[in-house]
Amino acid sequence: MIALVNIKNSRTNLEHDQKKESEIASNRKVIHLRVYRKNPKQGKSSHFDKFEVPVQRWTTVLDALLHAKGYLDNSIAIRYSCRMASCGSCGMKINGIPRLACYTKVSEIDENIITCEPLPNFPIIRDLVTDFSDFFEHHRAMEPFIHNPNADIVDKNSLTEFIQSPKDVERYLQSSYCIKCGLCYSACPSVGTDTKFPGPQALAQAYRYFADNRDDATQSRLDIVDTKHGIWRCHFAGSCSVVCPKGVDPALGIQLLRGHLVSFSKNDKKLAESRTRSLGKI
Ligand code: SF4
Ligand code: FES
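Residues numbered from 1 in each chain as written. Chains lettered and ligands numbered in written order. Predicted model: local features only at pLDDT ≥ 70, side-chain atom pairs only at ≥ 80, totals over all residues.

**A word on the overall build of the protein chain**
The cut-off we apply is this: Only runs of H or I of at least four residues qualify as helices and only runs of E of at least two qualify as strands under DSSP, and these elements are numbered from the N terminus. Once C-beta atoms are placed from the backbone, each residue is buried if 20 or more other C-beta atoms lie within 10 Å of its own, exposed if 12 or fewer, and partly exposed for counts between those two. With C-beta atoms placed from the backbone, a contact is any residue pair whose C-beta atoms sit within 7 Å.
What the protein chain contains, in helices and strands, is 12 helices and 7 strands. When each of the 282 residues of the protein chain is scored for burial, the buried share is 30%. Here the contacts in the protein chain between residues at least 6 apart in sequence split such that 66% fall between residues at least 24 apart.

What follows is the structure, given as structure tokens:
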């Protein structure tokens, strides 16, 4: 009797294993990965290399690239670190759209050819790796830290506490989720035409600190962005907010900052107009 039960159990296990294997096999397919190749140091023109890569339903584009790099051509240059949409290193153009390779599943693209290119608006270092120096410089120029003399720790025994209500935090929380991946910067048409324009990421950070009620550099933050190549260069294409993988809305931050600038603008023409209006001349 016991022997019969054992045979029945091992049959059920076998059937279960076979079902699992056929499920995995049905999820498996081969895609064509087209990878942009360029090595400026060698001075050769760019080209695409094609690789056949086995993928499953859950394979990410980064996994597919690492398969190509690991088994087919170890000279492909890719930048990545966390593999969980947190470090912002693996941004690239995937089938025409700036995305994080580790956060994009091959199955969600739903095409047999996946084309990976470096992020537009960034100088190319090699293959899919781009130079973020200007991007970080724009970020730094926004002074992305709290300005408040009370924040300086003069005496560590008398630390100051900044109390914020949930409503205070809500004003800037969304903008603080930025991981500096540069996708918004690469999608911005204004960055493409003016490299001095800080771009959506930096401007969203300007708003993040402007909106924080612990910060007391309100006017100087407006001055930083109110320049010839500054916030007014934004044409409100909105592509920055569309491609952001972290739910930040740089376009909204820019519009809110602009709202504050219009109210307190030092622009002579606007001042003249408002004065004339108040005198009843318009
Ligand atoms: S705002 Fe979004 S898209 Fe732009 S750098 Fe930050 S996380 Fe990336
Ligand atoms: S590897 Fe860190 S965001 Fe993709």
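Structure's up, so let's keep going.
**Examining the nonpolar core**
The criterion, for reference: A set of buried Ala, Val, Leu, Ile, Met, Phe, Trp, Tyr and Cys residues, joined through C-beta atoms within 7 Å, is what we mean by a nonpolar core. Start and end points for every domain follow an automatic or database-based domain assignment.
If you look at the biggest cluster of nonpolar residues, it comprises 53 residues, and the most contacted ones within it are V61, A64, L65, A101, C116, L203 and A206. A per-element tally of this core places helix 8 (residues 199–210) first, with 7 residues. Residues lining this core come from more than one domain, with at least three contributed by each of domain 1 (25–130) and domain 2 (133–271). With residues up to four places along the chain from it excluded, the contact list for A64 reads I31, L33, V53, V55, T59, V106 and I114.

**Some remarks on the site of ligand 1**
Here is the rule we go by: For each residue, a C-beta atom is placed from the backbone, and the residue counts as near a molecule or strand when that atom lies within 6 Å of it.
Around ligand 1, a shell composed of 13 residues is seen, among which C178, C181, C184, C244 and V248 lie nearest. Of all the secondary structure elements, the ones that give two or more residues to the shell around ligand 1 are helix 6 (183–187) and helix 8.

**A closer look at the sheet that holds strand 3 (residues 91–94)**
Put simply, the rule is: By definition, two strands form a pair when at least two bridges between them are found by DSSP. Only the stretch in contact is used when fitting a helix axis, every axis being a line fitted to C-alpha atoms; angles between N-to-C directions are given from 0 to 180 degrees.
Across the sheet, which stays open at both edges, the 5 strands sit in the order 2-1-5-3-4 with mixed pairing between neighbours. Only two strands of the sheet have a single partner each, and these edge strands are strand 2 (47–55) and strand 4 (97–100). Across the sheet, the mean angle from the axis of one strand to that of its neighbour is 35°, orientation sign disregarded. Note that strand 3 and strand 4 share 4 bridges and pair antiparallel. Looking at strand 4, one finds that K93 is bridged to P98. Lying on the sheet, helix 2 (residues 61–72) is in contact with strand 1 (29–37), strand 2, strand 3 and strand 5 (113–117); it crosses strand 2 at an angle near 105°.

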